[in-house]
Amino acid sequence: MELPVLVQRHNGRGLAAATTRVVVLGTDVGPEREAVLRALLLPAEVTVSRAGLPADLERADAVIIDGAPAELTAAGARRLLDHVARGAALLALAPPPEAVAQGPLGELLGLAATGPALPEAEVFAARAAESALTRRLDAEFPVVDSFLPLDPRGGARTVLTVSVALRPRPALVETVAGAGRVVVSGLGGTTAALRNPQLATALRRAVLGAAGVERDLGVGLVGYGPLGGMGHSHGLAVDATPGLVLATVCDSVPARCAAARADFPAVRTVDTVAELAADPSVDIVVIATPPALHAELALAMLRAGKHVVCEKPLCLRVADADLLIETARSHAAVLTVNQNRRWDQDFTALRAAVDAGEVGEVFNVETFVGGFEHPCRAWHSDVSLSGGAVYDWGSHHLDWILQLLPGMPETVATTGHKRVWHDVTNLDQVRVRLGWADGREAQFLQSDIAAVRPPKFYVQGTSGTLAGWYRPLTTERIEAGRGYVSETAHHAEAPVELVLRRYRSGMGTTETRIPPAPERRFAFHRNLADHLQLGEPLAVTAESVRRVIAVLEAAHHSGLAGGAPLAPGAALLGAAG
């Protein structure tokens, strides 16, 4: 059964062109639930009607029935269904069984019956059919909710199920209604469940519809690099993301082009950026070159009409970031940065604990990466290509810090050492200290001369402290002909367990261990496809990364000036280096 694509008012490039108007009908929509619904539907204009159908219902692009609407008559149900048939979206959240059985609500929603609802508990929602509502969601995800099993009538399609007594029960169903669509959810009855990211995504799509870009989007890579490098990693991610297709790889080294064709047999390879820019099969260009080349390449691709994904850091100067952001805006193109470590399992767990108030108000964040070992002998260790030591791991760690501490720091001060590794040009150690006007502070330390590693994370708040330490990751095996084989991965690849210590009056400190969050593989690329194809919010905006570039640039110049504190974003064109 073909379902209509409800097209949000949209300019076709991932950017909303007009505000969507949503009416919420429900007698029990309290202030907290209203706030959660408004946040879920941003940037839509949301009106809550607790007294029944509003007089201006026909102005609404979408309607949500939350629970039982007030005094829904047969005439009101017909009016609502006629409005949907003209192209509006209708979403019903956990409709009460008695309202479905006794009034016109059941016929309006295409339900024979519902319920009874299960008590609030963890259940698992599973994809049951291909649908725009569930595309790129996990095949199965947990939700804590009071699940209401649905009994849809003929013509409805079940797109999510929940297993009850080992039997899959319909949890999210959609039905064609003229030019519109009716979606009913047996999940979302509790306000907490509406905060579940994957359920919220499906419900948001049911209300706001799709962006109108249904075809697969071609992806081009600039800079393939060695096996396991970022070019290869992006190729794997694109291959695994529905809606994205790896079309072209550009690299000036013939051996790397050959490697790309061996890894991805269907890909086309070119050796000049001009060929890639002119390739009509490429909608999105991923720039995976050394940082010194990012700004120039991104600018060229944006001017060629391509969406651009840039490896971190986006660029080396705030002035370049501003030019890229303005160019993307003027060309109606998407510009984003692969800040993939925002989805690291340990950082995800840490941020969830901070957002839940487990440490109170955060006032100090410290992060570390490194050890005592020879730095890599590739471009990462060369100032002319990397931009300097702080631009390497700092593009991740300073992004983490700025995610945890809102606002722009007032001062940035960097000290560095060049004492041991003289065959590479980056510093052996850099320490970046950030200070906010209200007294909050942070530190990032990267070192190749630290034989004892400090904590990876050390976060202080007014209620407690979170910390996590790197752990060795060693694989041991016996191979025929070789015997014992041991391989040690880079220390930063394994997610860390977090320790939370809180003070309790009369008890002293108590300790809780927080494991890494579940893995969200290729979450950045899935979000990119969701944004371009469905108009959903972009997880990493260039504007949010501009703060990181401002701090990185100030940190770099502070180091050149011997550690003098600098204000991020200040004019640095006359600074040394």
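Since this is a predicted model, take the numbers as computed values, not measurements. (Residues numbered from 1 in each chain as written. Predicted model: local features only at pLDDT ≥ 70, side-chain atom pairs only at ≥ 80, totals over all residues. Heavy atoms only, no water.)

**Student:** How would you sum up the overall build of the protein chain? Please name residues and give values.
**Tutor:** When helices and strands are counted, the protein chain shows 15 helices and 27 strands. Compactness check: the protein chain gives a C-alpha radius of gyration of 26 Å against a globular reference of 25 Å for 577 residues, within 12% of the reference. The buried share among the 577 residues of the protein chain stands at 52%. Sequence-distant contacts in the protein chain: of pairs separated by 6 or more residues, those separated by 24 or more amount to 69%. If you sum the accessible surface of the protein chain, you get close to 24700 Å²; carbon and sulfur atoms cover 54% of it. Counting 53 positive and 62 negative side-chain charges, the protein chain places the averaged centre of each group 1 Å from the other. (Helix = DSSP H or I, 4+ residues; strand = E, 2+ residues; numbered from the N terminus. Rg over C-alpha atoms; globule rule 2.2 N^0.38 Å. Buried < 20%, exposed > 50% of the residue type's maximum accessible area, 1.4 Å probe, protein only. Contact = heavy atoms within 4.5 Å. Areas by Shrake-Rupley, 256 points an atom, 1.4 Å probe, with all protein chains shown as cover. Lys, Arg positive; Asp, Glu negative; His and termini not counted. Charge placed at Lys NZ, Arg CZ, Asp CG, Glu CD.)

**Student:** Hey, could you go over unusual backbone geometry for me, with residue numbers and the actual values?
**Tutor:** Between Gly-115 and Pro-116 the backbone carries a cis peptide bond, its omega angle lying at 5°. With respect to the element layout, Pro-116 can be found in the loop between strand S5 (111-114) and strand S6 (121-127). Pro-313 follows Lys-312 through a cis peptide bond whose omega is -10°. Along the chain, the position of Pro-313 falls in the loop between strand S16 (307-310) and helix H10 (318-330). One non-glycine residue, Leu-166, lies in positive phi territory at about 65°.

**Student:** Outline the sheet that holds strand S3 (residues 62-66), supporting the account with residue identities and numerical values.
**Tutor:** Whether parallel or antiparallel, the strands of a sheet pair through hydrogen bonds between backbone atoms. Ordered in space as S2-S1-S3-S4-S11-S10-S9-S6-S7, the 9 strands form an open sheet in which the pairing is mixed. Sheet topology places strand S2 (45-49) and strand S7 (140-145) at the edges, where each strand pairs with a single neighbour. Recorded for the sheet is a direction-independent mean angle of 20° between the axes of neighbouring strands. Pairing of strand S10 (residues 167-177) with strand S11 (residues 180-185), which is carried by 6 bridges, proceeds in the antiparallel orientation. Bridge assignment links Glu-174 to a residue of S11, and that residue is Val-183. Lying over the sheet, helix H5 (residues 197-208) contacts strand S1 (21-25), S3, strand S4 (89-93), S7, S10 and S11, oriented at roughly 145° with respect to S4. (Pairing = 2+ DSSP bridges. Axes fitted to C-alpha atoms, helices over the stretch in contact; angles between N-to-C directions.)

**Student:** Help me get a handle on the environment of Pro-516, residues and values and all.
**Tutor:** Considering the arrangement of structural elements, one finds Pro-516 in the loop between strand S27 (508-514) and helix H14 (523-534). With a relative accessible area of 29%, Pro-516 lands in the partly exposed category. C-alpha separation for the pair Pro-516 and Trp-343, spaced 173 residues apart in sequence, amounts to 11 Å. Not counting the four nearest positions on each side in its chain, Pro-516 is found in contact with Gln-345, Asp-346, Ala-349, Pro-495, Val-496 and Glu-497.

**Student:** Go over the pattern of salt bridges, please, and point to the residues and values.
**Tutor:** Overall, the coordinates contain 36 salt bridges when judged by the stated rule. Here Asp-216 ties to Arg-135 by a salt bridge, and the two come within 4.0 Å at their closest N and O atoms. On the criterion of sequence distance, the pair formed by Asp-216 in the loop between H5 and strand S12 (217-222) and Arg-135 in the loop between S6 and S7 is long-range, its members being 81 residues apart. Looking at Asp-216, the relative accessible area reads 42%, which means it is partly exposed. Taken together, the salt bridges that share partners define one network made up of Arg-136, Arg-205, Asp-530 and Glu-536. (Salt bridge = Lys/Arg side-chain N within 4 Å of Asp/Glu carboxyl O.)

**Student:** Give me the lowdown on the nonpolar core, citing residues and values where you can.
**Tutor:** Counting residues in each nonpolar core, the largest one holds 93 residues, and the members touching the most others are Leu-314, Leu-335, Leu-398, Ile-401, Leu-434 and Leu-466. Broken down by element, this core gets its largest block of residues, 9 residues, from helix H15 (residues 542-560). (Core = buried A, V, L, I, M, F, W, Y, C linked by side-chain atoms within 4.5 Å.)

**Student:** Give me the lowdown on the sheet that holds strand S23 (residues 464-468), citing residues and values where you can.
**Tutor:** Read across the open sheet, the 8 strands follow the order S19-S20-S21-S18-S22-S23-S26-S27; overall the sheet is mixed. Both outer strands of the open sheet, strand S19 (411-417) and S27, are each paired with one neighbouring strand and no more. Strand-to-strand twist in this sheet, taken as the mean axis angle between neighbours without regard to direction, amounts to 10°. Against the sheet, helix H11 (residues 345-355) touches strand S18 (362-370), strand S22 (457-461), S23, strand S26 (498-504) and S27, its axis set at about 5° to S22. The strands touched by H15 are S19 and strand S20 (429-435); relative to S19, the strand with the most contacts, the crossing angle is about 50°.

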